[in-house]
Amino acid sequence: QVQLVESGGGSVQAGGSLRLSCVASTGIFSILTMGWYRQAPGKQRELVASITSGGRTNYADSVKGRFTISRDDAKNMVYLQMNSLKPEDTAVYYCNWDQGALSGRYWGQGTQVTVSS
């Protein structure tokens, strides 16, 4: 089965931090770029961070300097450390492959992040 399970979301005040985790069930996890996406109500889903199998990272301009993506291939996990959270970060956050045929094809339930001012 192909599964993506996100966790770690919650409600925090502006300026706070959260660490999101995702476990991906796939035998090719270690060779694929992984990403974190988010979708706010009435908004398009957007890619906020990605990390290649070699550890190269990219971030959306809106989160640069505040979010850090990392991965642990031995555990089939990808993480998103979110610091200095802003109300604009409020969204459902999803992990997914950002490379190859699996990219955007399967989605987990996501994890809700709510930031209050």
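Coordinates for the structure precede this section.
Residues numbered from 1 in each chain as written. Predicted model: local features only at pLDDT ≥ 70, side-chain atom pairs only at ≥ 80, totals over all residues. Heavy atoms only, no water.

### Focus on the sheet that holds strand β3 (residues 18-25)
Ordered by their spatial adjacency, four strands build an open sheet running β1-β3-β8-β7, and the pairing between neighbours is antiparallel. Two strands lie at the open edges of the sheet, namely β1 (3-7) and β7 (67-72), each paired on one side alone. Ignoring strand direction, the axes of neighbouring strands in this sheet form an average angle of 15 degrees. Of the strand pairs in this sheet, β7 and strand β8 (residues 77-82) are connected by six bridges, and their pairing is antiparallel. Each bridged residue has a counterpart across the sheet, and for S70 the counterpart in β8 is Y79. (Pairing = 2+ DSSP bridges. Helix = DSSP H or I, 4+ residues; strand = E, 2+ residues; numbered from the N terminus. Axes fitted to C-alpha atoms, helices over the stretch in contact; angles between N-to-C directions.)

### Observations regarding the state of the cysteines
A covalent bond between the sulfur atoms of two cysteines is what we call a disulfide. Following the criterion strictly, the structure yields one disulfide and no others. Disulfide pairing is shown between C22 and C95; the S-S distance is 1.7 Å. As the torsion about the S-S bond is roughly 55 degrees, the C22-C95 disulfide counts as right-handed. With C22 in strand β3 and C95 in strand β9 (residues 91-97), this residue pair connects regions lying 73 residues apart in the sequence. Neither C22 nor C95 differs from the other in exposure class; each is buried. (Disulfide = S-S within 2.5 Å. Buried < 20%, exposed > 50% of the residue type's maximum accessible area, 1.4 Å probe, protein only.)

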